[in-house]
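# Survey of secondary and tertiary structure
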Amino acid sequence: MSYITMKKILNNLNKDTENKDGINQEKIWIPPKIKNIRNFQDTIEILPIQLYKVVYTVLEKGYVDLNYISKKFNISQKEASGILEFLTRYRYLKKIKLKGDEDGWALGDVYWIEEKFPSGPVIPSIYQFNLISDIKRTSFFANAINKTVKKGDRVLDLGTGTGIFSILAAKKGGIVYSYEINEKNYRMAQNIIRKNNLQENIILKKEDIFVVDLEKNVEVIICEMFDTALVAEMQVQAMNKAIEFLKDGGKVIPESAATYVELVEFQEEFFDIKFPLIHYEAYGNPKPKKILSKKYKIHEISFYNKNNEEEISTSLKLKTNKNGRINGIRFTTDVYFENEKLSSTEWFNPPIIYPIRELEVKKGDEISLDLYMMFGAGWDTVEINVEGK
């Protein structure tokens, strides 16, 4: 079920004006897999009021069937099925078999989930050399650090990896507070910092960035937790938290990011077998056969904002610029610092091709795109619906 369809169902479900603990009933909340959830009560209380009531109904009854939810909340069976399906997908409920092989629902196990690295996915150390040696990527950040960091500046570096940006900032005279949650990467950064005799200038901590507790007195924040479309890593969430530590007039590296989509035809057939798979347009993978539209912006985020949305739902009309066949959406992300722009490289936000159902198009056709994504939650949570005329 799409995000947009789910939102319509929620608006029809048990219409009342109750607002539990300030929850915005107009905004659906989907739990990202990376949440560190430790108990049932905390988990369901962050749901919108309507979903909260459905889960509590299951808790009270032990199990329910489709008819029960439909009657209790005065909604159609189709709407009830959509809600139960949604809650099952995110493990609030689980499907069971009742007498007569009828489908039923009981409580799921979402409240047992504990994620070892709540800050987001860890970049394995074997890839760190590739990131550093991506000259276009690393030079962009190095130039920004050189322009920005002054002697005596307090610098916060989030998700430090090898420590390269902390080291560059320390060489400019900064006092750097560097955070890395992964044990292996932490020890690697510790070793590199020592080899460069900068341990007095860099305070390296093996801590989750979401429990950082500094006074509001850093002049510079560096955060390179990027991935294409900001979907797989937690750049947005990390900066929403970290920005509270920035002094007035302080600088953020980078300052903003924007993501674009375009219609493409990509090679999906190998050995006479079709493979409609999401993939990076990098690491030797073929480029699209055709690009059939201009780029359309789906989001732009300033990391100076304190409350960037952590999910987007948007609908666009994309116009084709040539005849052909479309079978994919190409995502690209640009990152900015002052007047500099960093576009995709082999190891920094490489384009992603997301497969869609095939459509034959003519130049000037209008394609409708409905898109939902949650930043930092992974590509499995992305929902795309494409319709042609």
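Preceding block: the structure.
Owing to the predicted nature of the structure, the values given are computational and were not obtained by experimental measurement.

Thresholds applied
- Residues numbered from 1 in each chain as written.
- Predicted model: local features only at pLDDT ≥ 70, side-chain atom pairs only at ≥ 80, totals over all residues.
- Heavy atoms only, no water.
- 1 Å grid on protein atoms, 1.4 Å probe; cavity = no way out; pocket = protein on both sides within 12 Å on 5 of 7 lines; lining within 4 Å.
- Points joined across faces, edges and corners; volume = space filled by probe spheres on them.
- Helix = DSSP H or I, 4+ residues; strand = E, 2+ residues; numbered from the N terminus.
- Nonpolar A, V, L, I, M, F, W, Y, C, P; charged D, E, K, R; others polar.
- Phe/Tyr/Trp six-rings, centres within 6.5 Å; stacked < 30°, edge-to-face > 60°.
- Buried < 20%, exposed > 50% of the residue type's maximum accessible area, 1.4 Å probe, protein only.
- Lys NZ or Arg CZ within 6 Å of the ring centre and 35° of its normal.
- Pairing = 2+ DSSP bridges.
- Axes fitted to C-alpha atoms, helices over the stretch in contact; angles between N-to-C directions.
- Salt bridge = Lys/Arg side-chain N within 4 Å of Asp/Glu carboxyl O.

It is worth spelling out empty space enclosed by the protein at this point. The full count for this structure, using the stated rule, is one cavity of 30 Å³ or more. Put simply, the largest cavity is a space of about 30 Å³. In terms of lining residues, the largest cavity is bounded by Leu 156, Leu 158, Ile 209, Val 212, Ala 238, Lys 241, Ala 242 and Phe 245. Looking at the lining of the largest cavity, the elements with two or more residues in it are strand S3 (154-158) and helix H10 (235-242). At three residues, the largest contribution of residues to the lining of the largest cavity is made by H10. Residues that form the lining of the largest cavity fall into these classes: seven nonpolar, no polar and one charged.

The next point concerns the packing of aromatic side chains. Counted according to the given criterion, the structure contains ten aromatic pairs. Summarising the aromatic geometry, the rings of Phe 141 and Phe 165 are spaced 4.8 Å apart at their centres and angled 25° between planes, so their arrangement reads as stacked. Here Phe 141 is found in helix H7 (residues 135-148), whereas its partner Phe 165 is found in helix H8 (residues 164-171), with 24 residues between them in sequence. As far as the burial class goes, Phe 141 and Phe 165 line up, both buried. Geometrically, the ring pair formed by Phe 141 and Phe 348 is edge-to-face, given 6.1 Å between the ring centres and 75° between the ring planes. You can see Phe 141 sitting in helix H7 and its partner Phe 348 sitting in the loop between strand S16 (340-342) and strand S17 (352-361), a full 207 residues away along the chain. Accessibility expressed as a relative area gives 2% for Phe 348, which makes it buried. Grouping aromatic residues by their ring pairs yields a cluster made of Phe 140, Phe 141, Phe 165, Phe 226, Phe 303 and Phe 348. Its end group placed over the ring of Phe 73, Lys 72 keeps NZ or CZ at 5.9 Å from the ring centre.

The next thing to look at is the sheet that holds strand S14 (residues 311-319). With antiparallel pairing, the three strands of this open sheet are ordered in space as S14-S18-S19. For this open sheet the edge positions go to S14 and strand S19 (383-387), each flanked by a neighbour on one side alone. The average undirected angle you get between the axes of adjacent strands in this sheet is 10°. Sheet topology places strand S18 (residues 366-374) next to S19; five bridges connect them, and they run antiparallel. Across the sheet, Tyr 372 pairs through a bridge with Glu 383, a residue of S19.

Let us now look at the pattern of salt bridges. One pass over the structure, following the stated rule, counts 19 salt bridges. The residue Glu 183 makes a salt bridge to Lys 206 at a minimum N-O spacing of 3.8 Å. Here Glu 183 is found in helix H9 (residues 183-195), whereas its partner Lys 206 is found in the loop between strand S5 (202-205) and strand S6 (218-223), with 23 residues between them in sequence. With a relative accessible area of 32%, Glu 183 lands in the partly exposed category. By sharing partners, the salt bridges in this structure join Glu 265, Glu 268, Lys 274, Arg 325 and Glu 358 into a single network.

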